[in-house]
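Below, each chain spelled out in residue letters.
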Amino acid sequence: MLDIFKFAKAIVFTIKSFECRVLNPEFLNVSLCGLYGNGRKSSVSTTLHLLQPPITSANITIQIGFHDSNSPYLVNATWDLCTIMQNRQRNRSLNRLFNYVGPYTNFNHSCPYHHDILVRNVSLTKPLVPIPNSAYKVSVEILMNKKYRVKFNARVDLVN
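Residues numbered from 1 in each chain as written. Predicted model: local features only at pLDDT ≥ 70, side-chain atom pairs only at ≥ 80, totals over all residues. Heavy atoms only, no water.

1. Examining the side chain of Ser139
Stated formally: By the criteria applied, helices consist of DSSP H or I runs no shorter than four residues and strands consist of E runs no shorter than two, each listed in order from the N terminus. Burial status follows relative accessibility: with a 1.4 Å probe on protein chains alone, a residue under 20% of its type maximum counts as buried, one over 50% as exposed, and anything between as partly exposed. Pairs of N or O atoms are called polar contacts if they sit within 3.5 Å, as long as, within protein, a hydrogen donor faces a hydrogen acceptor (for residues adjacent in sequence, only side-chain-to-side-chain pairs). In this description, contact between two residues means that some pair of their heavy atoms is separated by no more than 4.5 Å.
Along the polypeptide, Ser139 turns up in strand E7 (residues 134–144). The buried category is assigned to Ser139, whose relative accessible area is 9%. Within the structure, the side chain of Ser139 is placed 3.4 Å from the side chain of Asn153, a separation counted as a polar contact. Among all residues touching Ser139, those that are not within four sequence positions of it are Thr61, Ile62, Gln63, Lys151, Phe152 and Asn153.

2. Comments concerning the environment of Leu118
With respect to the helices and strands, the residue Leu118 is situated in strand E6 (residues 117–122). For the pair Leu118 and Phe107, spaced 11 residues apart in the sequence, the C-alpha separation amounts to 7.4 Å. For Leu118, the contacting residues outside a window of four places in its chain are Thr46, Thr47, Tyr104, Thr105 and Asn106.

3. A short note on helix H3 (residues 92–101)
Along H3, the positions that sit buried rather than exposed are Leu94, Asn95, Phe98 and Tyr100. Against strand E5 (75–80) and helix H2 (81–86) lie the buried residues of H3.

4. Structural notes on the sheet that holds E6
Note the threshold: We call two strands paired when DSSP finds no fewer than two bridges between them. Under this scheme, a helix contributes an axis fitted over its contacting stretch, all axes are lines through C-alpha atoms, and angles between N-to-C directions fall in the 0 to 180 degree range.
Spatial strand order, E2-E3-E6: 3 strands in an open sheet with antiparallel pairing. What marks the edges here is a single partner per strand, and that holds for strand E2 (28–36) and E6. Strand-to-strand, the axes of this sheet are offset by a mean angle of 5°, without reference to chain direction. Of the pairings in the sheet, the one linking E2 to strand E3 (residues 43–50) comprises 8 bridges and is antiparallel in character. Each bridged residue has a counterpart across the sheet, and for Val30 the counterpart in E3 is Leu48.

5. Some thoughts on the pairing of E3
Two faces make up the sheet, and in a regular strand the side chains alternate between them. Counted residue by residue, E3 has 7 buried out of 8 residues, so it is predominantly covered. Where E3 lies against E6, 4 bridges are found, and the strand directions are antiparallel. Among the inter-strand pairings, Thr46 is bridged to a residue of E6, identified as Val119.

Okay, here's the thing in structure tokens:
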């Protein structure tokens, strides 16, 4: 019998780089954007300081692809965060992602948002979906109040 838990413990994610890019500095600034630690214990933190609250609508686009490749993205999806946060059970994929990241952020209710968005010490300890060993590029772009406001780029290596 295959012990899947033993296999899961052998997987190692390494966050090699993390970058925050403000696309609309009149709307928000990033007062914290950092990659901390190295190797298996690396984590990321960020603070989005809202200069023009509230956020009444928010969409997120997530793209994941091979790092050194021009091939199409493995994941290229956009979701309406306000709708999903009203009923997270509707979207299994994003709910799974939120269950993973949720304990590290104050983004935990539906719109509107009148406060800064905090993300602290998110590390990758297990895969959310089965993926092969490789270096991956991850891009997260957030549309708030109908305009793109911030983009996050990361490189994540998976070795098992």
